[in-house]
Amino acid sequence: MSKITMNAIANAAGVGVATVDRVLNRRAPVRAATEQKVLEAANRLGYRMVPVVPVSAEAQSARVALRMGFVLLSKSYSFYHSLTDALRQQTQPLHPAGSEPRFYWHDIDDVAAVVASLHKLAQEVDVIGLVALDHPLIRHAIEQISRQGVRVYALFSNFSPCGHAGYFGLDNQKAGRTAGWVASHLLHKPGSVGVLVGDHRFNCQESCEISFRSYLREQDSSRRVLEPLKTHESIDGGYHATRQLLEEHADLALIYAPCGGIEGVIHALRQQPQREVALICHGPVKEGELALIDGTITVMIRHEIEDMARQLVRTVQQHVEPGTHFAQVTLPFKIITRENL
């Protein structure tokens, strides 16, 4: 008889290979119904099970190993370099010996590539962390993967309900209104306000933009806030969007950029030193401290990336069984100026 593979059992049970591996090799607990499906499929195919001695819940929890994978935005923006390093450092200890976290990076609008990477990771890992647009195809993939027993967590930008296991990110309403408060204290003369976003389907930035506008509408209703321009979360996109704002709006007084590509925004503003345009951005950003010191960045709303990675590790260890709890972890942010570096 030919060897019964995990792929064959996964197909017969309608789950991912990673779930089959967890059940057959006792790597981590799964839902009882899922475990039963896998065992029944294995028995139907003639897979020979090796008897195992039951262990206590405490002993099982102590030895749980988790394989994790991440789909992030393009590494051309330094934010994702920092995020990759923090996630790798914090999640490596969870992995079985000889394995390490898997990473894929894609441009923000490459939806097909994100979906393909999600399905590939679902065959290899137990937990996926994802930064992506709230796109129907991506939500559909998350729903399929979640049904296979793989937990998917939204990082920084949440999704409409699609079966994902949780969200780790800022309270974006607070972040946007905080930026609006800062802007209202910076703007002492007439002028328009520009807004940059990575993409309109990026929920975190949409919420920041709406909340920023809301605050200024309440406090300074005569202030003109321009329609947002897209940076596509890239340095080149940030540069060209900022150049467009500078060229089309002679009265531009401030830019709010809760997005990627800030290096490009900084470069464009430095090319116009005679223009006094305040910049409120999100970070961290490569050489952001220098930009704060020389005044190109006025205020930075900084994510605490290492704290997010630690919180993610703590949560995936506590909630090892898929589908039992939606983890919403609101992360703090810091307001950085040149004076508190």
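Above this text is the structure in question.
Residues numbered from 1 in each chain as written. Predicted model: local features only at pLDDT ≥ 70, side-chain atom pairs only at ≥ 80, totals over all residues. Heavy atoms only, no water.

1. Description of the pattern of salt bridges
Then step 1. In total, this model carries 15 salt bridges according to the counting rule given.
Then step 2. Residues Asp220 and Arg223 are paired through a salt bridge, measuring 3.0 Å at the closest nitrogen-oxygen approach.
Then step 3. You can call Arg223 buried: its relative accessible area is 13%.
Then step 4. One salt-bridge network, held together by shared partners, links Glu209, Arg213 and Glu227. (Salt bridge = Lys/Arg side-chain N within 4 Å of Asp/Glu carboxyl O. Buried < 20%, exposed > 50% of the residue type's maximum accessible area, 1.4 Å probe, protein only.)

2. A short note on the sheet that holds strand β9 (residues 278-283)
Strands pair in a sheet through their backbones, by hydrogen bonds, and they do so in one of two ways: parallel or antiparallel.
Then step 1. With mixed pairing, the six strands of this open sheet are ordered in space as β7-β6-β8-β9-β10-β12. Taken across any chain shown, the strands that pair with only one partner, and hence form the sheet edges, are β7 (229-230) and β12 (333-336).
Then step 2. Contacting β8 (252-257), β9, β10 (299-303) and β12, helix α8 (residues 172-186) runs over the sheet at an angle of about 160° to β9. (Pairing = 2+ DSSP bridges. Helix = DSSP H or I, 4+ residues; strand = E, 2+ residues; numbered from the N terminus. Contact = heavy atoms within 4.5 Å. Axes fitted to C-alpha atoms, helices over the stretch in contact; angles between N-to-C directions.)

3. Side note on unusual backbone geometry
Then step 1. In this structure, Pro284 follows Gly283 across a cis peptide bond, with omega equal to 15°.
Then step 2. Examined against the element boundaries, Pro284 turns out to sit in the loop between β9 and α12 (288-293).
Then step 3. Positioned with a positive phi, Glu233 is a non-glycine residue whose angle comes to about 55°.
Then step 4. A positive phi angle is found at Glu287, which is not glycine, with a value near 55°.
Then step 5. Here Glu287 lies in the loop between β9 and α12.

4. Quick look at the nonpolar core
Then step 1. Leu83, Leu87, Leu155 and Phe212 are the most contacted members of the largest nonpolar core, which has 77 residues in total.
Then step 2. In this view, Leu83 contacts Leu72, Val131, Phe156, Ile305 and Met308; residues no more than four positions away in its chain are not counted.
Then step 3. Core analysis: the second largest hydrophobic core is formed by 22 residues, Val71, Val111, Val152 and Tyr167 among them. (Core = buried A, V, L, I, M, F, W, Y, C linked by side-chain atoms within 4.5 Å.)

5. Section: the packing of aromatic side chains
Then step 1. Per the counting criterion, the structure on display carries six aromatic pairs.
Then step 2. Here Phe70 and Phe103 contribute two aromatic rings whose centre-to-centre distance is 5.2 Å and whose plane-to-plane angle is 20°, an arrangement assigned as stacked. Linking Phe70 in strand β1 (residues 68-73) with Phe103 in strand β2 (residues 102-106), this pair joins segments that are 33 residues apart in sequence.
Then step 3. Residue Phe103 is classed as buried on the basis of its relative accessible area of 10%.
Then step 4. Arranged with centres 5.8 Å apart and planes meeting at 10°, the rings of Phe103 and Trp105 form a pair that is stacked.
Then step 5. Trp105 gets classed as partly exposed once you look at its relative accessible area, which sits at 27%.
Then step 6. These aromatic residues form a ring-pair network of at least three members: Phe70, Phe103 and Trp105. (Phe/Tyr/Trp six-rings, centres within 6.5 Å; stacked < 30°, edge-to-face > 60°.)

6. Details of the sheet that holds β2
Then step 1. Spatial ordering of the open sheet is given by β2-β1-β3-β4-β5-β11, a layout of six strands whose pairing is parallel. For this open sheet the edge positions go to β2 and β11 (327-330), each flanked by a neighbour on one side alone. The average angle at which neighbouring strand axes cross in this sheet is 15°, direction not considered.
Then step 2. Summarising the sheet, β1 and strand β3 (residues 127-130) pair through four bridges and their orientation is parallel. Note on β3: the bridge partner recorded for Gly69 is Ile128.
Then step 3. Contacting β1, β2 and β3, helix α6 (residues 111-122) runs over the sheet at an angle of about 170° to β2.

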